[in-house]
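The residues making up each chain are set out below.
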Amino acid sequence: QVQLVESGGGLVQAGGSLRLSCAASGGTFRNLHMGWFRQAPGKERAYVAIIASSGTTNYADSVKGRFTISRDNAKNMVYLQMNSLKPEDTAAYYCAAGATWLKVIIGRGDYWGQGTQVTVYS
C-alpha cells in the first residue's frame, strides 16, 4: 500500500509561484508513474501533469509552459513547480500514483493523496 502526502499549497498573488510536494511511502517509488490533478469548487477533477517512472513528462494544455513536474527517486518525492499562476489555477491539488501510465493520466491511479489547497488572487 502506497501513502501519498501533499504539501506546499497556499495563498499567492497572480503571477507568483508555488512548489507543491508529494511524499510517497510504502511502495517501490521508482516503479510508479506519478501525477498531479486539481479540483476547483463545483468542477470535476482535472488532470494537470504526469511523470513516468522513466522520467517522461506530460502536461495539460492549460499549464504547459508554466508548470513543471519532477521527481526525486532517492527521496520518494514528486514536485510540481507552478509559475505565472493565474486565478483560474485556484483548486485543491492532488497527487496520484500508479503502475500503469494510462490509468494515472485518466485519473484512475491506484493511490491518491489528501490534497493541498492552492488559492491565487488577483
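The structure this text deals with has already been given above.
**Things to note about the packing of aromatic side chains**
Alright, step 1. Applying the stated criterion across every chain yields a total of 2 aromatic pairs.
Alright, step 2. Here Phe37 and Tyr47 contribute two aromatic rings whose centre-to-centre distance is 5.7 Å and whose plane-to-plane angle is 65 degrees, an arrangement assigned as edge-to-face. Placement of the pair is Phe37 in strand β4 (residues 33-39) and Tyr47 in strand β5 (residues 46-51), with a sequence separation of 10 residues. Exposure class is identical for Phe37 and Tyr47. Each is buried.
Alright, step 3. Ring centres 5.1 Å apart and planes at 55 degrees place the aromatic pair Phe37 and Trp112 in the tilted group. With a gap of 75 residues between them, Phe37 in strand β4 and Trp112 in strand β10 (residues 111-112) connect regions that are remote in the sequence.
Alright, step 4. According to the relative accessible area criterion, Phe37 is buried, its value standing at 2%.
Alright, step 5. An aromatic cluster of at least three residues, connected via ring pairs, comprises Phe37, Tyr47 and Trp112.

**A look at the side chain of His33**
Alright, step 1. Following the sequence through the fold, His33 ends up in strand β4.
Alright, step 2. Residue class for His33 comes out buried when judged on its relative accessible area of 12%.
Alright, step 3. Among the polar contacts made by the side chain of His33, one reaches the main-chain amide nitrogen of Ser53 at a distance of 3.0 Å.
Alright, step 4. Beyond its immediate stretch of four places on either side in the chain, His33 contacts Ile50, Ile51, Ala52, Ser53, Arg71, Ala96, Ala97, Gly98, Ala99, Thr100, Trp101 and Val104.

**Things to note about the pairing of strand β8 (residues 77-82)**
Alright, step 1. The element β8 is largely enclosed, with a buried count of 5 among its 6 residues.
Alright, step 2. Bridge count for strand β3 (residues 18-25) against β8 is 6 bridges, and the pairing is antiparallel. In the strand pairing of β8, Ser21 is matched with Tyr79.
Alright, step 3. Here strand β7 (residues 67-72) runs beside β8; their pairing, made up of 6 bridges, is antiparallel. Its bridge partner lying in β8, Arg71 is registered against Val78.
Alright, step 4. From the end of β7 to the start of β8, which pair antiparallel, there are 4 residues, and Asn76 there has a positive phi angle of about 55 degrees.

**So, the sheet that holds β3**
Alright, step 1. In space, the 4 strands of this open sheet follow the order β1-β3-β8-β7, with antiparallel pairing throughout. This sheet does not close on itself; its edge strands, each paired only once, are β1 (3-7) and β7. Sheet twist, expressed as the average angle between the axes of neighbouring strands with direction ignored, equals 15 degrees.

Cut-offs applied
- Residues numbered from 1 in each chain as written.
- Predicted model: local features only at pLDDT ≥ 70, side-chain atom pairs only at ≥ 80, totals over all residues.
- Heavy atoms only, no water.
- Phe/Tyr/Trp six-rings, centres within 6.5 Å; stacked < 30°, edge-to-face > 60°.
- Helix = DSSP H or I, 4+ residues; strand = E, 2+ residues; numbered from the N terminus.
- Buried < 20%, exposed > 50% of the residue type's maximum accessible area, 1.4 Å probe, protein only.
- Polar contact = N/O pair within 3.5 Å; in protein donor to acceptor, adjacent residues only side chain to side chain.
- Contact = heavy atoms within 4.5 Å.
- Pairing = 2+ DSSP bridges.
- Axes fitted to C-alpha atoms, helices over the stretch in contact; angles between N-to-C directions.

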